[in-house]
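Architecture and fold: a report
Listed here are the chains, written in short residue letters.
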Amino acid sequence: MRQKFIPSKTYIEVSNRTKFWKPVVKNGWIIKFSVHDDKNVLLTVISKLTGQTIIRYYDNEDEACEFINYILNQESSPI
């Protein structure tokens, strides 16, 4: 039997203050970008070929974008 998920008050409050977008696939990388309270950025990057996962947290959206640009210039496959 499947249990029903009942979100807590904290879960609902956090989810209401979080924006997220569908993952983007580019150059062999899967990139997921989320913003909490319009300032805190959670960035998740996964190599499609190796499964390597990089999780970064930023206080500044510009720094997160710089890291995305850096990653997109790296090989997503093992050397």
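My aim in this report is to walk through the structure given alongside it, one point at a time. (Residues numbered from 1 in each chain as written. Predicted model: local features only at pLDDT ≥ 70, side-chain atom pairs only at ≥ 80, totals over all residues. Heavy atoms only, no water.)

It is worth spelling out the pattern of salt bridges at this point. Enumeration over the complete set of coordinates arrives at two salt bridges. Between Asp 37 and Arg 17 there is a salt bridge, with the nearest N and O atoms lying 2.8 Å from each other. Here the residue Asp 37 occupies a position in the loop between β3 (29–36) and β4 (40–47), and Arg 17 occupies one in the loop between α1 (9–16) and β1 (18–20), the gap between them amounting to 20 residues. You can call Asp 37 partly exposed: its relative accessible area is 31%. For Lys 19, the salt bridge identified is with Asp 38, shortest N-O distance 2.7 Å. In this pair, Lys 19 is assigned in strand β1 and Asp 38 in the loop between β3 and β4, connecting sequence segments 19 residues apart. (Salt bridge = Lys/Arg side-chain N within 4 Å of Asp/Glu carboxyl O. Helix = DSSP H or I, 4+ residues; strand = E, 2+ residues; numbered from the N terminus. Buried < 20%, exposed > 50% of the residue type's maximum accessible area, 1.4 Å probe, protein only.)

Moving on: the pairing of strand β5 (residues 53–58). Two strands pair when backbone bridges link them, and β4 and β5 are joined in this way by six bridges, in the antiparallel orientation. Residue pairing for β5: Val 41 is matched across the bridge by Tyr 58. (Pairing = 2+ DSSP bridges.)

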